[in-house]
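# Tertiary structure, described
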Amino acid sequence: MRLKTSLLKEPKHRELVSCVGWTSTDELYSCSDDHHILRWNLLTNDTSVLVKLQDQIYPIDLHWLPKSVSGKKQAGAELFALTSTDGKLHLVSKSGRVEKSVEAHRGAVLAGRWNHDGTALITAGEDGQLKIWSKSGMLRSTLAQQGTPVYSVAWAPDSGRVLYTSGRQLVVKPLQPSAKVLQWKAHDGVILKVDWSAVNDLILSGGEDCKYKVWDSYGRLLFSSSAHDYPITAVAWAPDGQLFAMGSFHTLRLCDKTGWSYSLEKPSTGSLFSLAWSADGTQLAGACGNGHVLFAHVVEQRWEWRNFEITLTKRRSMQVRNVLNDAVDVLEFRDRVIKASLAHGHLVVTTSLQCYIYSAKNWNTPLIFDLKEGTVSLIVQAERHFLLVDGAEVFVYSYEGRLVSSPKCPGMRMDILNSQSISLSNETIAIRDTSDERVVFLFEAQTGKAIGDGKPLIHKIEVVFVALDQCGSSNDRRIALIDKNRDLYLTSVRTLGRAHSIHKIGSMVDTMAWNNSANILCGIQDSRFTVWYYPSVVFVDKDLLPKTIFTKDSSEFSRPPQMVSYEGTQVTVRRVDGSLVCTAVSPYPSLLHEYTGSGRWEDALRICRFATDQTLWSCLAGLAMANRELSTAEVAYAAIGKIDKVQYINFIKDLPSRDSCLAHILLFSGHVQEAEATLLQANLNYHAIQMHINLYNWDRALELAVKYKTHVDTVLAHRQKFLQDFGKQETNKRFLQYSEGVEVDWEKIQDKIEMEFAMEREKAANSSVRSSVSIRR
C-alpha cells in the first residue's frame, strides 16, 4: 500500500498554505497567507477563489462542521470554523460569507476543532487558553489556561474529553470540572500536532524532536518512530482508523494504525502544515509551505484469500492473481474504489455509488447493485452473506445481491464501528454499543430483529473485541469477548430466557481469531500463542478446559501482534513492524470437530487412538458429553484418567428413563436449574428432591418436598444424618418447624424410594413399548 501523490506545475496560492478541509469526497477548500480561500473541484479539475479575506487575517486552522445524521439522510457540511493570527474565530459559510467573527484569544488562535456531533467548538490559543464555544459562536467556558501556547487540540471519541499540547507534554482534560486530568511527557521537543481517532481510540502526536508517536487513551506508548530529519508538522487519522498520515519538510508518510510505515513519499512541498482525509478515506490533501496543495490517493492495497491475491492498482481498477497458475484478471470499475473485502470465496467491492460482488469461480460477471446514500466504512463477510456499514445504517446482503435485513440500533454511531466492534456469522450479528461499551447487541441476520427477548448482552466492564464463531447450528452459537482488562470470555448467543452465562477462558489476551471451518479459537495470550481446541467445553465440563488448550512461545510474533486470519490449519499474524508471520496448528482437532459434527464417533475415536494426545482425548470427552454420546465419553474420560466421571457416566447409562438420564447429563455439566426443570416436567419429583439432597441444597430440597407434598420425611432423615455425621445441632427454622410433626422411619423411606424407582422403570418400559408399536405401524 502506498500514496500516489500529485502536484500542479504552478501553485495556485502565492504564499504558504496553512490549512485544508474537504466538503465532500470531490471538493476541497484551502486557506493561505495570501488571504485567499480557494475551492478545488477534483471532478472537473477547476480551482476558483471562494473569498478574499481581509489583509489582517492570516488563517491558521480550518475545520468543517461534522455532517449531521438525521434518519437515513446525511446533510452536507455547510459551515466551517476558521482561526487566524489576529486572535479571532471566524464562522464561515460554504459560500464564503463570514457569518460571525469573535475575539477568541490574545495572540493567534492556533487550532479550532468541532466535536464529533457538531454541538461545540474548541479553540486553542497562543495565550495558553482553551475555550469552548457554542455552534453559534457564543463562549461557553474556558477549559484550561497555561503559560505556554497550545499548538494543537483534539476531541475524544465520546466528546467528553479534550486532548491538547502543553510544551513537551500531552494533556487529556475531561469537560467535568471534578474529573481527573491525565498528563504525561510525550516528546523531547515541543509537540506541534495531535489527533485522536474516534474509531480506534488511539492518540497520534508529532513534535520538534522529529518523531511521531502512537498512544492509547490512558497515555501508554504503543509506538515511537525513529527521528526524522525535520520536525513533524502534521498528523491525521484516516476516517476508518486503520491508517494515518504524517507530514514533515518534503516528507509524507503513510502508516498503519500500529505505527509501522507502509510508504514514504518525498514531494517537493516544503513543510506540510496540515493534512486532511476525505470522508471515504481514499484521498488525502496537504497544505504545503511553498503554496501548493498536495493531493494523494491510496493505491496498491492488497487482499489475500487462499490462492488469490488482489491488488488495487489504480483508483478504479484491481488485479486478481491466482498464485497456483499465475493467471491474472483485471477488474474495472465505473467509480473510485472505496472499500473491498475478500473471504469465503467472494470479493465484495464498494465504490461511491455501487457494490460489486465477485465469485472466486468467475471474475468476469459480477453482481452489481446501487448503494443507498452514504459512504461504506466497513465490510464484514460470513459464509452465506456479508454486512455493509455506511455511516448511518447497517445492511446485510446475500452474495446474490439481495438485501437480507437492516438491524436498527437507535442512538448508535455507525461511523465509528470497526472490525473489532462488529461480528457476523451465518445467522447472527453482534454489535458493540458505541455509547456504552459494556453492551453488545445481538440480532438475527435474516430478519434484523433482536435475538430472544431483545435484551442485549451486558458485560461488567468495557468490551474492546467481539467475535462470533462461524460453524455449527444457530442454537450453539458462541461469542468471544475481550474486555479492557484483556480477559477473554465466552458466552452463548441464545439463552432461552435465562441470563447470559459468561465464562472466563483466558487472561492477558491481546488478539484472537476463530477458525473458518471449526469452532476453534486462537489468540496471543501473555507472550504465548494459545489455541483453544474446544472453548465451548466450559459449558459442558469446566475441568476439561485447561486440558483442551495448546500453547507455545510467541516471541517470533513480537509485541503487540495482530491476528489477521485463521484459515484451515494456518494462522497468520502481523508483527509490530508490519511483516506477516504464519504458524501451523495441528489438523487433528479440526478433523475431530468435523467427525463429531457429522456423527462419526468411531472415526473420532480412531483419530484419538492414532494421535495418542491427551488434549485430543479431552476434546473428544467434551464433544461427546455435549452431544450426549455417553459410550464415547466413557472411553475418552477413561483415556485421560478421570475415573470418577467414568463411574458417573456409567450411573447415567443405567438410569431407567430418558428424562432422568437427560437431567443427570445436565447436572454433569453443572446446569442444576435445567436439570431440576427437566425432572419436574417429567413428574420425577423425588429425583429432583434427591438431586438437591446429594448437592446439599437442603433448603431447595425441603421447598420441593413441601410444594409437591412428598418425601418430606426423606429430606428430614438425610438432614439429620448429615448433622449427626458432623456433630452439629439443627438451627434452620424451617427444618425445626417440619421436624415437629414428621416421624423419620428409614425402613418406610427406603420402601418409598424403591417404589419410586419401580414406577419410573415401568413408565420407561411402557414408553419404549409405545414407541416400538408406532414404529411398526
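Residues numbered from 1 in each chain as written. Predicted model: local features only at pLDDT ≥ 70, side-chain atom pairs only at ≥ 80, totals over all residues. Heavy atoms only, no water.

## Focus on the overall build of the protein
Quick note on the threshold: Strands are runs of DSSP state E lasting at least 2 residues, helices are runs of H or I lasting at least 4, and numbering of each runs from the N terminus. Burial here depends on accessible area, computed with a 1.4 Å probe over protein chains only, as a share of the maximum for the residue type. Under 20% is buried, over 50% is exposed, and the range in between is partly exposed. Between two residues, a contact is recorded if the distance between any of their heavy atoms is within 4.5 Å. Note on areas: these come from Shrake-Rupley sampling with a 1.4 Å probe, and a residue is covered only by the protein chains present in the view. None of His or the chain ends enter the tally, which takes Lys and Arg as positive and Asp and Glu as negative. Charge placement uses NZ in Lys and CZ in Arg. For Asp and Glu, CG and CD serve respectively.
The helix and strand tally for the protein stands at 12 helices and 57 strands. Projected onto its principal axes, the C-alpha positions of the protein cover 110 × 65 × 45 Å. Here the protein, with 777 residues, has 55% of them falling under the buried criterion. When contacts within the protein are restricted to residue pairs at least 6 apart in sequence, long-range pairs at least 24 apart make up 43% of them. When the accessible surface of the protein is split by element, carbon and sulfur atoms take 48% of a total near 34,800 Å². Across the protein, the mean location of the 88 positive side-chain charges is 2 Å away from that of the 86 negative side-chain charges.

## Here's the deal with unusual backbone geometry
Positive phi, normally seen in glycine, also occurs at Met508, with a value near 55°. Judged by its relative accessible area of 34%, Met508 falls in the partly exposed class. In this model, His711 sits at a positive phi of 60°, which is unusual for a non-glycine residue. Structurally, the position occupied by His711 is in the loop between helix H9 (698-708) and helix H10 (712-726).

## Re the sheet that holds strand S37 (residues 354-359)
What counts, and what does not: Strands were regarded as paired on the criterion that DSSP finds at least two bridges between them. Between N-to-C directions, angles cover 0 to 180 degrees, with each direction set by a line fitted to C-alpha atoms, over the stretch in contact for helices.
Reading across from one edge, S35-S36-S37-S38 is the order of the four strands in this open sheet, with antiparallel pairing throughout. A single partner strand is all that each edge strand has here, and the edge strands are strand S35 (337-343) and strand S38 (362-370). Taken over all neighbouring pairs, the strand axes of this sheet differ in orientation by 20° on average, direction set aside.

## Here we look at the pattern of salt bridges
Definition in use: For this document, the term salt bridge refers to a Lys or Arg side-chain nitrogen within 4 Å of an Asp or Glu carboxyl oxygen.
Within this structure, the stated rule accounts for 34 salt bridges. Salt-bridge contacts for Asp61 lead to Arg113; the nearest nitrogen and oxygen are separated by 3.1 Å. Highlighted residues: Asp61 in strand S6 (residues 59-64) and Arg113 in strand S12 (residues 109-114), separated in sequence by 52 residues. Its relative accessible area of 23% is what places Arg113 among the partly exposed residues. Lys721 is paired through a salt bridge with Asp725; the nearest N and O atoms lie 3.5 Å apart. In this pair, Lys721 and Asp725 are both assigned in helix H10, four residues apart and thus about one turn of the helix distant. Assessed through its relative accessible area of 44%, Lys721 is described here as partly exposed. Overall, the relative accessible area of 56% leaves Asp725 in the exposed class.

## Quick look at the sheet that holds strand S21 (residues 203-207)
What the four strands build is an open sheet, ordered S20-S21-S22-S23; its pairing is antiparallel. Edge strands, defined here as strands with exactly one partner in the open sheet, are strand S20 (191-196) and strand S23 (221-224). Pairs of neighbouring strands in the sheet enclose a mean axial angle of 20°, with direction left out of account. Pairing analysis gives three bridges linking strand S22 (residues 212-215) to S23, with the strands arranged antiparallel. Pairing of Lys213 across the sheet is with Ser224, part of S23.

## Description of the pairing of strand S4 (residues 36-41)
For strand S3 (residues 27-32) and S4, the ladder comprises five bridges, and the chain directions are antiparallel. Looking across to S4, one finds that Glu27 is bridged to Asn41. In sequence, S3 turns back onto S4 through a hairpin of three residues, with His35 there showing a positive phi of about 70°. With six bridges joining them, S4 and strand S5 (residues 46-52) adopt antiparallel strand pairing. Looking at the pairing, Leu38 lines up with Val49 of S5. Turn length for the S4-S5 hairpin, with the two strands adjacent in sequence and antiparallel, is four residues, and the turn residue Asn45 shows positive phi of about 60°.

## A closer look at the packing of helix H2 (residues 601-611) against helix H3 (residues 614-626)
Stated formally: Note on terminology: angles under 35 degrees are roughly parallel, angles over 145 are roughly antiparallel, angles of 65 to 115 are roughly perpendicular, and the others are oblique. Take the far helix as your reference; a near helix turned counterclockwise from it by less than a right angle gives a left-handed crossing, and one turned clockwise gives a right-handed crossing. Any residue outside Ala, Val, Leu, Ile, Met, Phe, Trp, Tyr, Cys, Pro, Asp, Glu, Lys and Arg is labelled polar, Gly included; the first ten of those are nonpolar and the last four are charged.
Where H2 meets H3, the axes come as close as 9 Å, and the angle between the chain directions of the two elements is 160°. On the basis of their axis angle, the class for H2 and H3 is roughly antiparallel. As H2 runs across H3, the sense of the crossing is left-handed. Counting all contacts with H2, which are made through Trp601, Ala604, Leu605, Ile607, Cys608, Arg609 and Ala611, the residues of H3 involved are Leu616, Trp617, Leu620, Leu623 and Ala624. Taken together, the residues that form the contact of H2 with H3 break down as 11 nonpolar, no polar and one charged.

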